[in-house]
Amino acid sequence: MALDSIQWIINILLIYLIVLYTLSIVVVTRVYSVITLIFSYIIVSVIALLYHQTFIAVVLLMVYAGAISIFFIFMVMLLNTQRRGTGYRKLTIGGFLLFFAIFTLVGGLVVDNFYNMLTIPSESIEYGRYNMLSEEGGLYLHTIRDIYNVALENYEKVTVPKKFVDIQDAANDFVGKDFVTSQLTRIGLALYSAYIYAFIGAGLLLLVAIVGVTSLFNYTPRLQKSREEDNIQILRGLKKK
Amino acid sequence: MLFEQHYTFIEKIINTYTLFFQLSLVALVLISLFGLLIVRRDLVTVLIATELMFLNSVLILIPFCYISSGIEAEIFILFILVVAAAETAVTFAVLTNFDFSNFIQKNIKNN
């Protein structure tokens, strides 16, 4: 399948994304806006799939549609205010049903084209390395051990890189340009070698967020605290109303 | 040789980031800015618009993952995800712990 047809599908998905963005901001009911947000996450992950970024698509679905959207739904439930201020047009259920019907239609088209694309990888092979499959004649290496095993067979050619940034380049240095590694292996190796400080920084940021969230949940404002103390004293009879 | 490499890379960028893609990205950024700056009645809307801005940055980087041979864009997307998740958790805690009734009463008393 040529890239042009994929580009058309991506354009249609982008139009959908614009519609979903406007709906998520303009819609009156908060639950509907959260649902449109989830759909926009799904569309972005589909776009990532069409660009052969399977790992990114899965992570987007897991983190955004799985975790952050649930946060939003919790927020809507806990704040207990379903509707926001007046002045916006209401969205009817019929409009939503029509939109989801068109969405599923286009989704079916995308899935159909995506399977066609998977079966014929040779035309778009020049655009990236990740879509090269073992059918092309190259070996498909999953782990670093596989690379070292192949490298040990060709011991004379081996030159160990000092900074192990990209496993693809390392594999090319070892044995030639036929070797293809999985995207997950490359990202994992890069995170633990060249980007280790950034990785630790991200972990620290998440730790600070966890500590901040727990301390915020335990914190009660001063006014509320004094009210509670007053109530306790009134209940004990120490203070009059 | 170097010039040829650069030329092919620029050609890939032009082929991947089409005019429609660029225009739609501009539209998406403008919509999320509209939610952030103009529709400021609701805190949840502002939060949703912030998430949409993060999603825009991810969307800009996804085609770059496709055309580049390195993995810098993927790493960038992962870190954007981390920041978005941390921001959402902290805002969730602030919003749920913030006593709106006190805030409203205080404002009414002042008025």
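Residues numbered from 1 in each chain as written. Chains lettered and ligands numbered in written order. Predicted model: local features only at pLDDT ≥ 70, side-chain atom pairs only at ≥ 80, totals over all residues. Heavy atoms only, no water.

1. Some words on the overall build of chain B
Then, number 1: Helices and strands together make up the secondary structure of chain B, namely five helices and zero strands.
Then, number 2: Put simply, chain B runs from its N terminus to its C terminus through helices and strands in the order α-α-α-α-α.
Then, number 3: Here chain B holds 111 residues, and 45% of them are scored as buried.
Then, number 4: For chain B, the proportion of contacts with a sequence separation of at least 24, taken over those separated by at least 6, is 58%.
Then, number 5: Here chain B has roughly 5,800 Å² of accessible surface; of this, 71% comes from carbon and sulfur atoms. (Helix = DSSP H or I, 4+ residues; strand = E, 2+ residues; numbered from the N terminus. Buried < 20%, exposed > 50% of the residue type's maximum accessible area, 1.4 Å probe, protein only. Contact = heavy atoms within 4.5 Å. Areas by Shrake-Rupley, 256 points an atom, 1.4 Å probe, with all protein chains shown as cover.)

2. Focus on unusual backbone geometry
Residues and elements named next belong to chain A.
Then, number 1: With a phi close to 65 degrees, H52 is a non-glycine residue in the positive phi region.
Then, number 2: With respect to the helices and strands, H52 occurs in the loop between α2 (30-50) and α3 (54-79).
Then, number 3: The buried category is assigned to H52, whose relative accessible area is 19%.

3. What about the packing of α2(A) against helix α3 (residues 43-67) of chain B?
Then, number 1: The contact between α2(A) and α3(B) brings their axes to 11 Å, and the two run at 5 degrees. In this view, α2(A) runs roughly parallel relative to α3(B), as classed from their interaxial angle. Across from R30(A), S33(A), L37(A), S40(A), Y41(A), V44(A), I47(A) and A48(A) in α2(A), the residues of α3(B) making contact are V44(B), I48(B), E51(B), L52(B), L55(B), L59(B) and I62(B).
Then, number 2: Considered class by class, the residues forming the contact of α2(A) with α3(B) number eleven nonpolar, two polar and two charged. (Axes fitted to C-alpha atoms, helices over the stretch in contact; angles between N-to-C directions. Parallel < 35°, antiparallel > 145°, perpendicular 65-115°, else oblique. Nonpolar A, V, L, I, M, F, W, Y, C, P; charged D, E, K, R; others polar.)

4. Description of the interface of chain B and chain A
Then, number 1: Contact residues are listed per partner, giving 61 residues for chain B and 67 residues for chain A.
Then, number 2: Carbon and sulfur atoms make up 76% of the area that chain B and chain A hide from each other, which totals about 5,900 Å².
Then, number 3: For the chain B face of the interface with chain A, the top three residues by lost area are L55(B), Y66(B) and F92(B), together amounting to 13%.
Then, number 4: Joining chain B to chain A, the criterion identifies zero salt bridges.
Then, number 5: Inspection of the region where chain B meets chain A yields two residue pairs in polar contact (both at pLDDT 80 or more).
Then, number 6: Of all the secondary structure elements, the ones that give two or more residues to the side of chain B that touches chain A are α1 (2-16), α2 (19-38), α3, α4 (72-97) and α5 (100-110) of chain B.
Then, number 7: In terms of residues, the side of chain B that touches chain A owes the most to one element, α4(B), which gives 21 residues.
Then, number 8: Residues of the side of chain B that touches chain A, tallied by class, amount to 38 nonpolar, 16 polar and seven charged. (Buried area = accessible area lost by both parts, 1.4 Å probe. Salt bridge = Lys/Arg side-chain N within 4 Å of Asp/Glu carboxyl O. Polar contact = N/O pair within 3.5 Å; in protein donor to acceptor, adjacent residues only side chain to side chain.)

5. Re the side chain of N56(B)
Then, number 1: You can see N56(B) is positioned in helix α3.
Then, number 2: Within the structure, the side chain of N56(B) is placed 2.9 Å from the side chain of S32(B), a separation counted as a polar contact.
Then, number 3: Ignoring any residue separated from it by four or fewer positions in sequence, one finds N56(B) in contact with Y21(A), L25(B), L28(B), V29(B) and S32(B).

6. Quick notes on the packing of aromatic side chains
Then, number 1: Tallying each qualifying case throughout the model produces five aromatic pairs over all chains.
Then, number 2: Relative to Y64(A), the ring of Y41(A) has its centre 4.5 Å away and its plane inclined at 25 degrees; by these criteria the two rings are stacked. Taken together, the residues span a long stretch of sequence, with Y41(A) in helix α2 and Y64(A) in helix α3 at a distance of 23 residues.
Then, number 3: In this structure Y64(A) comes out as buried when scored by relative accessible area, which is 0%.
Then, number 4: Ring centres 5.7 Å apart and planes at 75 degrees place the aromatic pair Y17(B) and F21(B) in the edge-to-face group.
Then, number 5: Using a relative accessible area of 15% as the deciding quantity, one classes Y17(B) as buried.
Then, number 6: Relative accessible area serves as the criterion here: at 0%, F21(B) is assigned to the buried category. (Phe/Tyr/Trp six-rings, centres within 6.5 Å; stacked < 30°, edge-to-face > 60°.)

7. Description of the confidence of the model for chain B
All names here are of chain B.
Then, number 1: Scored by pLDDT, chain B has a mean of 80; 79% of the residues are at 70 or more.
Then, number 2: For chain B, the element scoring lowest by mean pLDDT is α5, at 54; α3 scores highest, at 90.
Then, number 3: Quick note on the complex model: pTM equals 0.66, ipTM equals 0.84. (pLDDT = per-residue confidence, 0-100.)

8. Examining the environment of Q22(B)
All names here are of chain B.
Then, number 1: Looking at the element boundaries, Q22 is found in helix α2.
Then, number 2: By relative accessible area, which is 40% here, Q22 ends up partly exposed.
Then, number 3: Sequence separation between Q22 and I60 is 38 residues, and the spatial gap between their C-alpha atoms is 9.0 Å.

9. Some remarks on the nonpolar core
Then, number 1: Judged by nonpolar contacts, the single largest core of 69 residues is most densely connected at L17(A), I43(A), L60(A), Y64(A), L59(B) and I62(B).
Then, number 2: Counting residues per element, this core draws most heavily on α3(B), which supplies 13 residues. (Core = buried A, V, L, I, M, F, W, Y, C linked by side-chain atoms within 4.5 Å.)

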